[in-house]
Amino acid sequence: PYFTSKDGVLYTRDMKTLVRFPGFRDTKPDFEIPDVVERIGRSAFKNACIRKLTIPDHIEKIDAGAFDGCLLEELVMPSEMETIEAGIFQNCDIRKLILPKKLKRIKAYAFQGTAGLTEIVAEGEVPEMEEAIFSNGYFRGIEWWPWKIIPKACFLNSFVRKILVPEGVEH
């Protein structure tokens, strides 16, 4: 009486909260969140493997740990999102991250433990970035930094094989 399932994905009965995405679906590697969903619950995509995920604008809340351990080839953030909260993308393996133009703030530890990042697309203004946003990560190389500021302790306790500070970084 409290939940419903659609294509193997678990939602609350009214489908307003995505509760759990199955870990792996080889027949549908991309995923589109239905229009009725307003919230992505804690651990909803934990350890899931998804080729491309676009988080639509109608999502009002993403709980901490929603993507813990998720493997994503490409993640497109909602275009209206202004803040990336702490801990939402902990321990993710994200290859390409497309940030919203309206992004104003990235909270501390938002991408803690991230690995594999090779590209960030950031078309908006430079957001306010708290410390240690990519702490404890694993990066083969950092050549993708899109902003003119690298915040304090950004890569704290991270393993970085090579870092090439891009032209345009001022601080």
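Preceding block: the structure.
Quick summary incoming for the structure in this document. (Residues numbered from 1 in each chain as written. Predicted model: local features only at pLDDT ≥ 70, side-chain atom pairs only at ≥ 80, totals over all residues. Heavy atoms only, no water.)

## Examining the overall build of the chain
- Per the secondary structure count, the chain includes zero helices and 15 strands.
- Considering only C-alpha atoms, the chain reaches an extent of 55 × 30 × 20 Å along its principal axes.
- Here the chain holds 171 residues, and the buried ones make up 44% of them.
- Sequence separation of 24 or more characterises 18% of the internal contacts of the chain that already satisfy a separation of 6 or more.
- Looking at the chain as shown, the accessible area adds up to about 9,200 Å², and 48% of this sits on carbon and sulfur atoms.
- Computed over 24 positive and 26 negative side-chain charges, the inter-centroid distance for the chain is 4 Å. (Helix = DSSP H or I, 4+ residues; strand = E, 2+ residues; numbered from the N terminus. Buried < 20%, exposed > 50% of the residue type's maximum accessible area, 1.4 Å probe, protein only. Contact = heavy atoms within 4.5 Å. Areas by Shrake-Rupley, 256 points an atom, 1.4 Å probe, with all protein chains shown as cover. Lys, Arg positive; Asp, Glu negative; His and termini not counted. Charge placed at Lys NZ, Arg CZ, Asp CG, Glu CD.)

## What to know about the sheet that holds strand E11 (residues 105-106)
- The parallel open sheet is built from three strands, whose spatial order is E9-E11-E13. Looking at strand neighbours, the two that pair on one side only are strand E9 (83-84) and strand E13 (128-129), the edges of this open sheet. (Pairing = 2+ DSSP bridges.)

## Some words on the sheet that holds strand E5 (residues 39-40)
- In space, the five strands of this open sheet follow the order E1-E2-E3-E5-E7, with mixed pairing throughout. Two strands close off the open sheet at either side, each with one partner strand: strand E1 (3-6) and strand E7 (61-62).

## What about the pattern of salt bridges?
- On inspection of all chains with the given rule, the structure shows 14 salt bridges.
- A salt bridge links Lys107 to Glu85; the nearest nitrogen and oxygen atoms lie 3.0 Å apart. Of this pair, Lys107 sits in the loop between E11 and strand E12 (119-121) while Glu85 sits in the loop between E9 and strand E10 (93-98); the two residues are 22 residues apart in sequence, bridging distant segments of the chain.
- On the basis of relative accessible area, Lys107 is assigned to the partly exposed category, the value being 23%.
- Owing to a relative accessible area of 34%, Glu85 belongs among the partly exposed residues under this scheme.
- The partner of Glu143 in a salt bridge is Lys162, with the nearest N and O atoms 2.8 Å apart. Here the residue Glu143 occupies a position in the loop between strand E14 (138-139) and strand E15 (159-160), and Lys162 occupies one in the segment after E15, the gap between them amounting to 19 residues.
- Given a relative accessible area of 46%, Lys162 falls into the partly exposed group. (Salt bridge = Lys/Arg side-chain N within 4 Å of Asp/Glu carboxyl O.)

## What about the layout of surface pockets?
- In this structure, the largest pocket encloses a volume near 200 Å³.
- Forming the boundary of the largest pocket are Asp57, Ile59, Glu60, Lys61, Ile62, Pro78, Glu80, Met81, Glu82, Thr83, Glu85 and Ile88.
- Residues belonging to the lining of the largest pocket are distributed by class as follows: five nonpolar, one polar and six charged.
- Of the voids in this model, the second largest pocket is the one considered here, and its volume is about 150 Å³.
- What lines the second largest pocket is simply Asp93, Arg95, Ala115, Gly116, Leu117, Thr118, Tyr138, Phe139, Arg140, Gly141 and Trp144.
- Every element with two or more residues in the lining of the second largest pocket is listed here: E10 and E14.
- Of the residues in the lining of the second largest pocket, the class split is five nonpolar, three polar and three charged. (1 Å grid on protein atoms, 1.4 Å probe; cavity = no way out; pocket = protein on both sides within 12 Å on 5 of 7 lines; lining within 4 Å. Points joined across faces, edges and corners; volume = space filled by probe spheres on them. Nonpolar A, V, L, I, M, F, W, Y, C, P; charged D, E, K, R; others polar.)

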